[in-house]
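Listed here are the chains, written in short residue letters.
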Amino acid sequence: MKSETNVTIPTRDQVLMSKLNWLIIFFFIQICFASTGNDQAPYHHCLDECVQVTCPTSTLNFSLRLLNWNCPENCRYECGQKMTDIAEEQGSEIYQYYGKWPFYRLLGMQEPASVFFSIGNGLVHVYYFFKLRKRVPTIYELKGYILLYSCVGVNAWLWSTVFHMRDVYWTQLLDYFSATLLVLYSLFYAIVRVFHVLRLTRTCLGLLFLCFYIAHIVYLSVFAFDFHYNMIANIILGSIQVSIWFYWFLREKEGRSYGYLAVLSGIGVSLALCLELIDFPPLWRVFDTHSLWHLTTIPLTIIWYKFLLADVWYETHHAILP
């Protein structure tokens, strides 16, 4: 008697989800095992010798003392650079040390490329704050919300600059919390603008968002700093925002030729975020994928502000020059 075997053939969607799951698993494996440099015996030998022999007799230069480096931390940096020099000479693997790639410092700044690109982003927000304040008519009821967006943006990139200059616990928290505030406020503005939320409802919605934000930072700072939760929360908030603007673009595209700018900016940021999933040793020990992510947001932020100016022009029927 012939037995029958039921074979289930996976659908295309199941195959894609399986591949996505393996990609996520691989990404988290990279995160878990990327910081092996500080576990190597030669590194520990170099670090012990530096701390025991060099620290008692050496004095750090002014730029390092200004950014609150101490001798053991400087030894970590020097030994990481020394091990990386050897690895490059031998053509062997480049390691991370304490979760970070071995960047060249500049005047005590740990990640100079990210510092300068963060400053660039902040300057874009400063420039358009004054431009919007001058060009947006007072009668436009969302003028205050737009100017506040610029202020939130300046704050986010200010703390990004500080964090990349000197990565310590409190600068990391302020960087992450400020970035979340920018993402959350961007979503708030999208809802208010796209759905024409009335003033009273705006206030209630703002209080709801504020409560969420407070709960978010309390959880991360008091209970446990969960990097993955913070990342997922920001991705979800950003995705909702992009979806809202895409919906608005489809709804209004017949009459608003500039609408694509909002979608272009949002999708561009989402695509650029993929750089965060690709990790490799920094080019010339300066440019890593995170710094390149900060670089890409500069032109994308300019596109976003051009959209805001065009949208205000359309809404108020006043000529607002680009």
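Here's what I pulled together on the structure shown here. Owing to the predicted nature of the structure, the values given are computational and were not obtained by experimental measurement. (Residues numbered from 1 in each chain as written. Predicted model: local features only at pLDDT ≥ 70, side-chain atom pairs only at ≥ 80, totals over all residues. Heavy atoms only, no water.)

1. A closer look at unusual backbone geometry
Item 1. Unusually for a residue other than glycine, W284 sits at a positive phi of about 55°.
Item 2. Among the secondary structure elements, W284 is positioned in the loop between α10 (260-272) and α11 (289-316).
Item 3. Overall, the relative accessible area of 67% leaves W284 in the exposed class.
Item 4. If you check the backbone angles, R285 has positive phi at about 60° while not being a glycine.
Item 5. Tracing the backbone shows R285 in the loop between α10 and α11.
Item 6. The exposure class of R285 is buried, given its relative accessible area of 4%. (Helix = DSSP H or I, 4+ residues; strand = E, 2+ residues; numbered from the N terminus. Buried < 20%, exposed > 50% of the residue type's maximum accessible area, 1.4 Å probe, protein only.)

2. Here's the deal with a nonpolar patch on the surface
Item 1. A surface patch of nonpolar side chains, amounting to about 670 Å² of accessible area, comprises L207, L210, I214, V218, Y219, V222 and F223.
Item 2. Within the fold, Y219 resides in helix α8 (residues 199-223). (Patch = residues over 30% accessible without salt bridge, like charges linked within 9 Å, V, L, I, M, F, W, Y side chains within 5 Å. Areas by Shrake-Rupley, 256 points an atom, 1.4 Å probe, with all protein chains shown as cover. Salt bridge = Lys/Arg side-chain N within 4 Å of Asp/Glu carboxyl O.)

3. Some remarks on the pattern of salt bridges
Item 1. If you walk through the whole model with that rule in mind, you get 13 salt bridges.
Item 2. D167 is the salt-bridge partner of K100, the closest N and O atoms lying 3.2 Å from each other. Within this pair, whereas K100 is found in the loop between α4 (71-90) and α5 (112-135), its partner D167 is found in the loop between α6 (143-165) and α7 (169-194), the two being separated by 67 residues in sequence.
Item 3. For D167, a relative accessible area of 23% gives the class partly exposed.
Item 4. Residue R193 pairs with E315 through a salt bridge whose shortest N-O separation is 3.2 Å. Taken as a pair, R193 in helix α7 and E315 in helix α11 lie far apart in primary sequence, 122 residues in all.
Item 5. Given a relative accessible area of 2%, R193 falls into the buried group.
Item 6. By sharing partners, the salt bridges in this structure join R193, R251, E252, R256, D311 and E315 into a single network.

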